[in-house]
Amino acid sequence: MILEIVISLLAVAGFGRVLWRSRIVQVARGTMNATMAGLSAMMDGELDDDAKELAVRRAGFNLIFASFSIFWRFFIAILAAAAPIFLADGIGLVSRDAVFKLMLRLDYIVVVSVVAIVLAEIFRRR
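A short tour of the structure in this document, coming up. (Residues numbered from 1 in each chain as written. Predicted model: local features only at pLDDT ≥ 70, side-chain atom pairs only at ≥ 80, totals over all residues. Heavy atoms only, no water.)

### What to know about the overall build of the protein
Basically, it comes down to this: What counts as a helix is a DSSP run of H or I of at least four residues, what counts as a strand is a run of E of at least two, and both are numbered from the N terminus. Based on C-alpha atoms, the radius of gyration is set beside the globule rule, defined as 2.2 Å times the residue count to the power 0.38.
Counting secondary structure elements, the protein contains five helices and zero strands. Taken from N to C terminus, the helices and strands of the protein fall in the order α-α-α-α-α. Relative to its length of 126 residues, the protein is extended, with a C-alpha radius of gyration of 21 Å against a globular reference of 14 Å. Expressed along its principal axes, the backbone C-alpha trace of the protein runs to roughly 65 × 30 × 25 Å.

As structure tokens, this is what we get:
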């Protein structure tokens, strides 16, 4: 059981680290800014229809590119999380099914989430 916990925590840490290092939060904020720019342009009564169309089109393209940007960052994070699990299974250290079963337990999800939030808040304040 200890090995399953260690491997699962390595997977969670890998996932979080890749998301953090890939700056996915900043990309998501940029996506929201592009969305707000498009909505603001649509609602702006001072712009003519051509200017509104141009602003909405630009915002739409920005959203499409941002979606792909978020997707590949998330995909790399999933690979980083899967690596320790499948590596440990491949060398016969622990079964991947046992690790996945542990990681899907409600108590595991709650405890790891709370600890991750507390750690993130501690690092954010430094």
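### Brief notes about the nonpolar core
To be explicit about the condition: Throughout this description, the term nonpolar core refers to a set of buried Ala, Val, Leu, Ile, Met, Phe, Trp, Tyr and Cys residues connected via side-chain atoms within 4.5 Å. Only protein chains enter the accessibility calculation, which uses a 1.4 Å probe; a residue whose area is less than 20% of its type maximum is buried, one above 50% is exposed, and one in between is partly exposed. Note on contacts: a residue pair is in contact if any heavy atoms of the two residues lie within 4.5 Å.
Grouped together as the largest cluster of nonpolar side chains are eleven residues: Ile7, Ala11, Ala81, Ile85, Ala88, Val94, Val99, Leu102, Met103, Tyr108 and Val112. Elements supplying a minimum of two residues to this core: α1 (2–21), α3 (49–90), α4 (96–103) and α5 (106–125). Aside from chain neighbours lying at most four places away, what touches tyrosine 108 is Ser8, Leu9, Val12, Leu102 and Met103.

### What to know about a nonpolar patch on the surface
Threshold: Each patch is built from residues lacking any salt bridge and having more than 30% relative accessible area; the joining distance is 9 Å for like charges and 5 Å for nonpolar side chains (Val, Leu, Ile, Met, Phe, Trp, Tyr). Residue exposure ignores everything except the shown protein chains as possible cover, and the areas themselves are Shrake-Rupley values with a 1.4 Å probe. What counts as a salt bridge is simple: a side-chain nitrogen of Lys or Arg found within 4 Å of a carboxyl oxygen of Asp or Glu.
Together, Leu106, Val110, Val111, Val114, Val115, Val118, Leu119, Ile122 and Phe123 give the surface a local cluster of nonpolar side chains, amounting to about 830 Å² of exposed area. Phenylalanine 123 gets classed as exposed once you look at its relative accessible area, which sits at 58%.

### A short note on α4
The line we're drawing: Note: the arc covers the axis-to-C-beta directions of the helix.
When α4 is considered as a whole, its buried residues turn out to be Val99, Leu102 and Met103. Buried residues in α4, looked at end-on, bunch into an arc of 95 degrees, giving them a common side. Summarising the geometry of α4, the exposed residues directed more than 90 degrees from the buried face are Asp97 and Lys101. Each element contacted by the buried residues of α4 is listed here: α1, α3 and α5.

### Focus: the packing of aromatic side chains
The line we're drawing: Note on ring pairs: Phe, Tyr and Trp rings are taken, using the six-membered ring of Trp, and paired if centres are within 6.5 Å. Classes follow the plane angle, with under 30 degrees stacked, over 60 edge-to-face and the rest tilted.
Inspection of the entire model under this criterion finds three aromatic pairs. Ring centres of phenylalanine 15 and phenylalanine 74 lie 5.7 Å apart, and the angle between their planes is 85 degrees; this geometry places the pair in the edge-to-face category. Note that phenylalanine 15 is positioned in helix α1 and phenylalanine 74 in helix α3, a separation of 59 residues in sequence. Judged by relative accessible area, phenylalanine 15 falls into the partly exposed class, the value being 23%. Ring geometry for phenylalanine 86 and phenylalanine 100: centres 6.1 Å apart, planes at 65 degrees, overall edge-to-face. Here phenylalanine 100 lies in helix α4 and phenylalanine 86 lies in helix α3, a separation of 14 residues in the sequence. Phenylalanine 86 gets classed as partly exposed once you look at its relative accessible area, which sits at 39%. On the basis of relative accessible area, phenylalanine 100 is assigned to the partly exposed category, the value being 32%.

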